[in-house]
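# Secondary and tertiary structure notes
One letter stands for each residue in the lines below.
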Amino acid sequence: MENVKNYLNFFIEYLQIEKNYSQYTIVNYSNDIEDFFSFMKEQVILHLEEITYNDTRLYLTQLHKRKYSRKTISRKVSSLRSFFKFLVREEKLTENPFTLVSLPKKEQKIPEFLFGEEIEKLFTVSDCTTPLGQRNQALIEVLYGTGIRVGECCNIRLSDLDLFIGTVLVHGKGGKQRYVPFGSYAQDAIERFMNEGRKQLISRHKDTDQHSYLFVNHRGCKLTDRGIRHILNEMIKKASSTLHIHPHMFRHTFATHMLNEGADMRSVQELLGHAHLSSTQLYTHVTKEHLKRIYLSHHPRA
């Protein structure tokens, strides 16, 4: 289609510079937009100005035929709506054909979380006499003790830690930053790892920039998202053959346990770095289910 490549590059620059979106998010935007224009090309629509609301409906029908989930369709529509809104703002187009397109309702999946006895098992599997065991112990203490995302965890630098007051500066989505406190268990694990095992691990790598990160791999390089997921999977195997969890469950568990113990939702929202309270409210469904189970188990007239 005419000028689409130039407009897309222009839009990506906007996402990078003005919106400060991550590379992962930008790739999704780009793929969604290119997919739409491939479909429009099949319909022999060669100019942006020719796209109408009916064309967008036709595209949605095609997405349903491809059996995409509601979540994926919502993301694609949102990407395209933003793209056309940007073009209207820049006066490249006069109308946004996606303005009237409604997003499919999201499936409200209740977040999975770990019970107290399940997470306690994970805290006993690491051999804390070894450098990697100390790192792994610090890793799960930080994830459970702060509720931060795996991607945020691997980006923690030593300069982000304040061990005197027990806080970490977290670099979240969209370049947003927040301070998150951590407790004595996480602090002890971090300090032991920093003072002992970490020194041995970083001695294996000469790149001093890599040494600025808290969590490193066995070669002394910065630990990646994928690396953290592999470590957690191995720890889970040692803890239980029946326990099936994913790394994000630490975040779900943190939020659920905080709310179960009486924390107010606004505070939990701030700790998690949620932009909207509705994201945090999802965990109230979990706490309600938890209370219901307790009621059914203990009330004589249940």
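Preceding this paragraph is the structure being described.
Residues numbered from 1 in each chain as written. Predicted model: local features only at pLDDT ≥ 70, side-chain atom pairs only at ≥ 80, totals over all residues. Heavy atoms only, no water.

## Quick notes on the overall build of the protein chain
Regarding its fold elements, the protein chain presents twelve helices and three strands. Within the protein chain, the fraction of its 302 residues that count as buried is 44%. Contacts spanning at least 24 positions in sequence make up 57% of the contacts within the protein chain whose residues lie at least 6 apart. (Helix = DSSP H or I, 4+ residues; strand = E, 2+ residues; numbered from the N terminus. Buried < 20%, exposed > 50% of the residue type's maximum accessible area, 1.4 Å probe, protein only. Contact = heavy atoms within 4.5 Å.)

## Considering the side chain of Gln187
Within the element layout of this structure, Gln187 appears in helix 8 (residues 184-202). Among the residues examined, Gln187 registers a relative accessible area of 15% and is labelled buried.

## With respect to the pattern of salt bridges
Taken as a whole, this structure holds ten salt bridges when the rule is applied. For Asp35, the salt bridge identified is with Lys76, shortest N-O distance 3.8 Å. Of this pair, Asp35 sits in helix 2 (residues 23-42) while Lys76 sits in helix 4 (residues 70-89); the two residues are 41 residues apart in sequence, bridging distant segments of the chain. A residue is classified by how much of its surface remains accessible, and Lys76, at 6% relative accessible area, is buried. Ionic pairing is found between Glu152 and Arg178, a salt bridge with its closest N-O pair at 3.0 Å. Taken together, the residues span a long stretch of sequence, with Glu152 in helix 7 (residues 150-154) and Arg178 in strand 3 (residues 177-181) at a distance of 26 residues. Overall, the relative accessible area of 6% leaves Glu152 in the buried class. Residue classification places Arg178 among the buried residues on the basis of a relative accessible area of 11%. Three or more residues joined by partner-sharing salt bridges are found here, namely Asp32, Asp35, Arg66, Arg75 and Lys76. (Salt bridge = Lys/Arg side-chain N within 4 Å of Asp/Glu carboxyl O.)

## Describing the packing of aromatic side chains
Counted according to the given criterion, the structure contains 18 aromatic pairs. Aromatic side chains Phe11 and Phe83 sit 5.3 Å apart centroid to centroid with 75° between the ring planes, which places their arrangement in the edge-to-face category. Residue Phe11 is located in helix 1 (residues 4-17), and its partner Phe83 is located in helix 4; the two are separated by 72 residues in the primary sequence. The pair Phe11 / Phe83 is uniform in exposure class, with both members buried. Between Phe36 and Phe84, the aromatic rings sit 6.2 Å apart at their centres with planes inclined by 85°, giving edge-to-face as the arrangement. One end of the pair, Phe36, is in helix 2; the other, Phe84, is in helix 4, and 48 residues separate them in sequence. Stacked on the ring of Tyr68, the Lys or Arg Lys76 has its end atom at 5.3 Å from the ring centre. One residue, Lys222, lies across the ring of Tyr213, its end atom 4.7 Å from the ring centre. (Phe/Tyr/Trp six-rings, centres within 6.5 Å; stacked < 30°, edge-to-face > 60°. Lys NZ or Arg CZ within 6 Å of the ring centre and 35° of its normal.)

## A few points about the sheet that holds strand 3
Read from one edge to the other, the open sheet built from three strands follows the order 1-2-3, with strand pairing classed as antiparallel. Each end of this open sheet is capped by a strand with a single partner; those strands are strand 1 (161-162) and strand 3. Here strand 2 (residues 167-171) runs beside strand 3; their pairing, made up of five bridges, is antiparallel. If you follow Leu169 over to strand 3, its bridge partner there is Tyr179. (Pairing = 2+ DSSP bridges.)

## Details of helix 11 (residues 265-272)
Turning to helix 11, its buried residues are Val268, Gln269, Leu271 and Leu272. Buried positions in helix 11, seen along its axis, are confined to an arc of 165° and lie on one side of it. For helix 11, exposure combined with an orientation more than 90 degrees from the buried face picks out Arg266 and Glu270. Immediately downstream of helix 11, the backbone of Gly273 shows phi near 80°, a positive value. (Arc of directions from axis to C-beta.)

## A closer look at the pairing of strand 2
Taken across its five residues, strand 2 has four buried, putting it largely inside the fold. As paired strands, strand 1 and strand 2 are joined by two bridges and run antiparallel to one another. Looking across to strand 2, one finds that Asp162 is bridged to Thr167. If you look at the hairpin formed by strand 1 and strand 2, you'll find four residues sitting between the two strands, and Gly166 has a positive phi there, around 75°.

## As for the pairing of strand 3
Residues Arg178 and Val180 point to one face of strand 3 and are all buried, whereas Gln177, Tyr179 and Pro181, pointing to the other face, are not buried. Hairpin connection, strand 2 to strand 3: the antiparallel pair is bridged by five residues, and Gly174 has positive phi, about 65°.

Without other data, these values stay purely geometric and don't point to any function.
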